[in-house]
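Structure assessment
Chain by chain, the residues run as shown.
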Amino acid sequence: MQNFRIESDSLGEIKIDKEAYYGANSKRALDNFPITRRPMDPFLVRAIVEVKKACAIENNKVGILSDRKKDAIVSACEKVLAGEFLDNFVVDPIQGGAGTSFNMNVNEVIANIANEIMGGGIGTYEFIHPNDHVNKGQSTNDVIPSAGKIALIRYIEELKEEVNNLIKSLENKACEFDSYIKMGRTQLQDAVPITLGQEFRAYARAIRRDYERLGAAIRQLSYLNLGGTAIGTGLNADDSYIKEVVPSLAKICDIDLYQAEDLVDATQNLDCFLFTSSVLKALASNLSKISNDLRLLSSGPTTGISDYNLPAKQAGSSIMPGKVNPVIPEVVNQVAFLVIGNDMTVTMAVEGGQLELNAFEPIIFYSLFESLKTLKAAIHTLYTNCIDGITSDKKKLEKRVENSVAIITPFAPHIGYDRASKVAKESLRTGVSVREILIRDKIMTSDEIDKILDYENMTKPGILDEDHISKD
């Protein structure tokens, strides 16, 4: 007994697994694009099926799709959205053809499910045809970008939750370490005192800006070209359908979605994806900078800087007993490198579009989905396995400040820059502290030194009052 069926398309006949709900287009894509050998992103599958559902509903409302066909297509979509038939979405995420293979994979699966619902067989398309009914009023060129934007919005919303948790974690550490005076460093050299809390609060501020930029990315992604069909002119789509399909889709997805003002522009120009990628790159860069600091300032623990201790998470060496490495910041660094590399891929793909269509959306979505998912995971492990457990020795930090040559800086306005430089150089050369030299040479008394070394005032102006903050 044969375990395959024969289907045909414009290129001729092709053998397909007898039980498969996909068809000829999907099978050819399987043969043509064995690229990543990974499954299609589940959020993208969900989004494109929601698009098909909305299109069927609106085509029915304008009278060009019968109630029975609409009901069958909607029921098929709901089965997929409930988790059925997912193993039939078989085309590779990276494919030629601007995503036509994926669009047809979805059209074929939904058509075959709908045919069964209506009493037909798989591969016959006697009641529901992939192109004529499931894809009615649509093109790959408006379906794929619309579905991709919906998937991206959902991933960004998930990422925002983790970013917000990281902000809270950093702010908690800022409060905990507010009174921990330490030596601030510029160009890796001792500079002037700062509190450990101020450092962590600065991290939180940077990540909060990333959080706000993620919201801006969602707003840009909320404008769809659905209804524009092939190049944004709406060819083969009903005028009423064009106006109503995006509002219908917004209700199905429960997302604020809007139709783009210029469907031609929204079809050929993909700068919204590049904006999104740049936002992710900025977040990755901030995370990597923070991770660099965490690794550097916890280095040692006995011969390094060791301003604080990162929680020990695993043995650090197969040969050096007792060694513990900063593995959490290290993995965050690596995710940041990945995201920054993906941003270059997205940049080239967006730039590489020609004329009325950019054919490179598959690699854009693949790259952005990877960046979003890995950032979410990296941020989660960063605050749960690292930031939340950081500890520090307050007395050790203060002692280092007192013994640092850099403590001469606040004395310069009182004794002059040149005289202060001489004290600093002698301290470096002899190892005698700045305080001792100032008292020994009768430059200042102990009380005068204590008055200048008022660390609370010295580290105060990190955050300005509202009246001092520019409103521009």
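Residues numbered from 1 in each chain as written. Predicted model: local features only at pLDDT ≥ 70, side-chain atom pairs only at ≥ 80, totals over all residues. Heavy atoms only, no water.

Things to note about the pairing of strand 1 (residues 4–9)
Rules: Strand pairing follows a simple DSSP-based rule, namely that at least 2 bridges must link the two strands. Put simply, DSSP H or I for four residues or longer makes a helix, DSSP E for two residues or longer makes a strand, and each gets a number counted from the N terminus.
By the bridge criterion, six bridges tie strand 1 to strand 2 (residues 12–17) in an arrangement that is antiparallel. Following the sheet pairing, Ile6 is matched in strand 2 by Lys15. The loop that links strand 1 with its antiparallel partner strand 2 comprises two residues.

What to know about the pattern of salt bridges
We count it as follows: Here, a salt bridge means any side-chain nitrogen of Lys or Arg that lies within 4 Å of a carboxyl oxygen of Asp or Glu. Only protein chains enter the calculation, and the probe is 1.4 Å; a residue is then buried if its accessible area is under 20% of its type maximum, exposed if over 50%, and partly exposed in between.
Summed over the entire model, instances satisfying the criterion amount to 25 salt bridges. Between Glu158 and Lys376 there is a salt bridge; the shortest N-O distance is 3.0 Å. Taken together, the residues span a long stretch of sequence, with Glu158 in helix 6 (residues 140–176) and Lys376 in helix 12 (residues 361–385) at a distance of 218 residues. With a relative accessible area of 27%, Glu158 lands in the partly exposed category. Of the charged contacts in the structure, one is a salt bridge between Lys182 and Glu199, with a shortest N-O distance of 2.9 Å. Here Lys182, found in strand 3 (residues 181–186), pairs with Glu199, found in helix 7 (residues 196–221); they are 17 residues apart in sequence, far enough to count as distant.

Comments concerning the packing of helix 2 (residues 42–61) against helix 4 (residues 100–117)
Where we set the bar: Interaxial angle, 0 to 180 degrees, is taken between N-to-C directions of lines fitted to C-alpha atoms, where a helix line uses only the stretch in contact. Less than a right angle of anticlockwise turn of the near helix away from the far helix marks a crossing as left-handed, whereas a clockwise turn marks it as right-handed. Here a residue-residue contact requires only that any non-hydrogen atoms of the pair lie within 4.5 Å. Polar here means any residue other than Ala, Val, Leu, Ile, Met, Phe, Trp, Tyr, Cys and Pro, which are nonpolar, and Asp, Glu, Lys and Arg, which are charged; Gly is therefore polar.
Orientation of helix 2 relative to helix 4, taken along the N-to-C sense of each, is 65°, at an axis distance of 11 Å. As for the relative orientation of helix 2 and helix 4, their crossing is right-handed in sense. Contacts from Leu44, Val45, Ile48, Val49 and Lys52 of helix 2 reach helix 4 at Phe102, Asn103, Val106, Asn107 and Ile110. The class makeup of the residues in the contact of helix 2 with helix 4 is seven nonpolar, two polar and one charged.

Things to note about the packing of helix 7 against helix 10 (residues 271–297)
For the record, the criterion: In this scheme, roughly parallel covers angles under 35 degrees and roughly antiparallel covers those over 145, while 65 to 115 is roughly perpendicular and the rest are oblique.
At a minimum axis separation of 9 Å, helix 7 and helix 10 run at an interaxial angle of 165°. The orientation of helix 7 relative to helix 10 falls into the category roughly antiparallel. With respect to the hand of their crossing, helix 7 and helix 10 are arranged in left-handed fashion. The residue inventory of the contact of helix 7 with helix 10, partitioned by class, reads 19 nonpolar, three polar and five charged.

Concerning the pairing of strand 4 (residues 189–195)
Relative to strand 4, strand 3 is paired through five bridges, and the arrangement is antiparallel. Bridge pairing in strand 4 links Ile181 to Thr195. The turn joining strand 3 and strand 4, which pair antiparallel and follow one another in sequence, is formed by two residues; a positive phi near 55° is taken by Gln187.

Digging into the domain arrangement of the protein chain
Heads up, the condition is: The domain boundaries here were taken from an automatic or database domain assignment. Buried area: the accessible area, evaluated with a 1.4 Å probe, that two parts lose upon being put together, summed over both parts. Polar contact is the term for a pair of N or O atoms within 3.5 Å; when the atoms are in protein, one must be able to donate a hydrogen and the other to accept it, and sequence-neighboring residues count only if both atoms are side-chain atoms.
Looking at the protein chain, the domain boundaries give domain 1 (4–136), domain 2 (142–394) and domain 3 (404–459). Computed over C-alpha atoms only, the centres of domain 2 and domain 3 are separated by 44 Å. At the junction of the two partners, domain 2 supplies nine residues and domain 3 supplies seven residues. In total, domain 2 and domain 3 occlude about 620 Å² of area from one another, counting both sides; carbon and sulfur atoms represent 71% of this. Counting every contact that joins domain 2 to domain 3 gives zero salt bridges. The interface formed by domain 2 and domain 3 contains one residue pair in polar contact (both at pLDDT 80 or more). Counting only elements with at least two residues in the side of domain 2 that touches domain 3, the list comes to strand 3 and strand 4.

A closer look at the UniProt feature "domain: Fumarate lyase N-terminal" (unreviewed entry) in the protein chain
For the record, the criterion: UniProt positions are given in the numbering used here, feature names are shortened, and annotations may be inferred rather than shown by experiment.
In the numbering adopted here, UniProt assigns the feature "domain: Fumarate lyase N-terminal" (unreviewed entry) to residues 12–341. Secondary structure content for residues 12–341 is 58% helix and 7% strand, while the C-alpha to C-alpha distance between its ends is 41 Å.

Quick notes on the confidence of the model for the protein chain
Where the model shows low pLDDT, its predicted coordinates should not be examined in detail. Here is the rule we go by: Confidence of the predictor at the level of single residues is given by pLDDT, which spans 0 to 100.
With 97% of its residues at a pLDDT of 70 or more, the protein chain has an overall mean of 94. Considering only residues more than four positions removed or in separate chains, one finds that residues 468–472, a stretch of pLDDT under 50, has two contacts.

Looking at the packing of aromatic side chains
The description of an aromatic ring pair rests on the distance of the ring centres and on the angle between the ring planes. Which entries qualify depends on this criterion: Here is the rule: rings of Phe, Tyr and Trp (six-membered ring for Trp) pair when centre to centre is within 6.5 Å. Planes less than 30 degrees apart are stacked, more than 60 are edge-to-face, and the remainder are tilted. Criterion for a charge above a ring: Lys NZ or Arg CZ within 6 Å of the ring centre, and within 35 degrees of the ring normal.
All chains considered together, the criterion is met by ten aromatic pairs. Centroid distance Phe177 to Tyr180: 5.0 Å. Interplanar angle 65°. Geometry classified as edge-to-face. Judged on exposure class, the residue Phe177 and its partner Tyr180 are both buried. Counting every residue linked through ring pairs, the aromatic cluster contains Phe43, Tyr155, Phe273, Phe365 and Phe369. Against the face of Phe4 rests Lys15, its NZ or CZ located 4.6 Å from the ring centre.

Topic: the side chain of Ser298
Note that Ser298 resides in the loop between helix 10 and helix 11 (327–351). Classification of Ser298 as buried rests on a relative accessible area of 16%. Within polar-contact distance, the side chain of Ser298 engages the backbone oxygen of Arg295 at 3.4 Å. In contact with Ser298, not counting residues within four places along its chain, are Asp293, Ser306, Tyr308 and Leu310.

Considering a negative patch on the surface
We count it as follows: Each patch is assembled from residues with relative accessible area greater than 30% and no salt bridge, linking like charges that lie within 9 Å and nonpolar side chains (Val, Leu, Ile, Met, Phe, Trp, Tyr) that lie within 5 Å. For accessible areas, the Shrake-Rupley method is used with a probe of radius 1.4 Å. Any residue's cover is judged against the shown protein chains and nothing else. Here the positive residues are Lys and Arg and the negative ones are Asp and Glu; neither His nor the chain ends is included. Where a charge lies is defined by one atom per residue type, namely NZ (Lys), CZ (Arg), CG (Asp) and CD (Glu).
Taken together, Glu261, Asp262, Asp265 and Asp271 make up a surface patch of like negative charges. Mapped onto the elements, Asp271 comes out in helix 10.

Brief notes about unusual backbone geometry
Backbone torsion omega between Gly300 and Pro301 reads 5°, so that peptide bond is classified as cis. Relative to the assigned elements, Pro301 resides in the loop between helix 10 and helix 11. Despite not being glycine, Tyr125 has its phi angle at roughly 55°, a positive value. Assignment of secondary structure puts Tyr125 in the loop between helix 4 and helix 5 (130–134).

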